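# Survey of secondary and tertiary structure
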Amino acid sequence: AQSVSQHNHHVILSEAASLELGCNYSYGGTVNLFWYVQYPGQHLQLLLKYFSGDPLVKGIKGFEAEFIKSKFSFNLRKPSVQWSDTAEYFCAVNAGGGADGLTFGKGTHLIIQP
Amino acid sequence: SQTIHQWPATLVQPVGSPLSLECTVEGTSNPNLYWYRQAAGRGLQLLFYSVGIGQISSEVPQNLSASRPQDRQFILSSKKLLLSDSGFYLCACLGQGGAHTQYFGPGTRLTVL
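Residues numbered from 1 in each chain as written. Chains lettered and ligands numbered in written order. Predicted model: local features only at pLDDT ≥ 70, side-chain atom pairs only at ≥ 80, totals over all residues. Heavy atoms only, no water.

Glancing now at the pattern of salt bridges. Under the definition given, this model contains 6 salt bridges over all chains. For Arg 77 of chain A, the salt bridge identified is with Glu 64 of chain A, shortest N-O distance 3.4 Å. Taken together, the residues Arg 77 of chain A in strand E9 (residues 73-78) and Glu 64 of chain A in strand E8 (residues 64-68) connect sequence positions 13 residues apart. Residue class for Glu 64 of chain A comes out buried when judged on its relative accessible area of 18%. Between Asp 85 of chain B and Arg 37 of chain B there is a salt bridge, and its shortest N-O distance comes to 3.7 Å. Of this pair, Asp 85 of chain B sits in the loop between strand E8 (73-78) and strand E9 (87-94) while Arg 37 of chain B is found in strand E4 (residues 33-38), placing the two residues 48 residues apart along the sequence. Residue Asp 85 of chain B is classed as buried on the basis of its relative accessible area, which comes to 3%. (Salt bridge = Lys/Arg side-chain N within 4 Å of Asp/Glu carboxyl O. Helix = DSSP H or I, 4+ residues; strand = E, 2+ residues; numbered from the N terminus. Buried < 20%, exposed > 50% of the residue type's maximum accessible area, 1.4 Å probe, protein only.)

So this is what it looks like as structure tokens:
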């Protein structure tokens, strides 16, 4: 079975700082990779996803993530964060099939200080 | 696009009482549906998924069960709640058109006392 590890459970940054949230997964086969975000009081929503092709994927609100197969990683980045990026961020993996559920990491609580 | 409704939004129940959480989906047909739970300090854990009416796959053995009586209705139940059942329950739907992306409902906050 696959597993997902998010290295940082709590991150505090100042506005305009650069962000990188780590995500590693364990699974030997083909995977689909996701980052979801949950803003305070809102639904869990998709930030970006990787299925195939260019390993550098761009999502909403200036976020991007890079899939490095050799490292089993899918780190999330943003060059300059804003106060509105304060949220909980979840990395998730689906092992190829699509119909099966997602395996999530424990999440990273990001706080941006103005 | 699909819209996912969950009811109730919050629930406080005593230990040993039954549970029924409902999820309904609009804007799609024959969706794959999922129940997840987020316990305090933990990530989201897949509990059940369903690829069609009456078809339920259980991922984690536990005190809960799921049913799918209609195409766009997914119900999470328990006969006797435990303290450890407390958490945030999310229903999700797989996107159409081979997108492999799951969309989530607003969730139900369950507190078992």
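Next, the rest of the story.
Before going further, it helps to examine the interface of chain B and chain A. At the interface, 20 residues of chain B touch 19 residues of chain A. Across the interface of chain B and chain A, roughly 1600 Å² is buried in total on both sides, 57% from carbon and sulfur atoms. Among the residues of chain B in contact with chain A, Leu 44, His 100 and Phe 104 of chain B are the three that bury the most area, contributing 34% of the side total. If you look at where chain B meets chain A, you find 0 salt bridges. One can count 3 residue pairs in polar contact (both at pLDDT 80 or more) joining chain B with chain A. Those elements that provide at least two residues to the side of chain B that touches chain A are E4, strand E5 (44-52), E9 and strand E10 (102-104) of chain B. When its residues are assigned to classes, the side of chain B that touches chain A shows 11 nonpolar, 8 polar and 1 charged. (Contact = heavy atoms within 4.5 Å. Buried area = accessible area lost by both parts, 1.4 Å probe. Polar contact = N/O pair within 3.5 Å; in protein donor to acceptor, adjacent residues only side chain to side chain. Nonpolar A, V, L, I, M, F, W, Y, C, P; charged D, E, K, R; others polar.)

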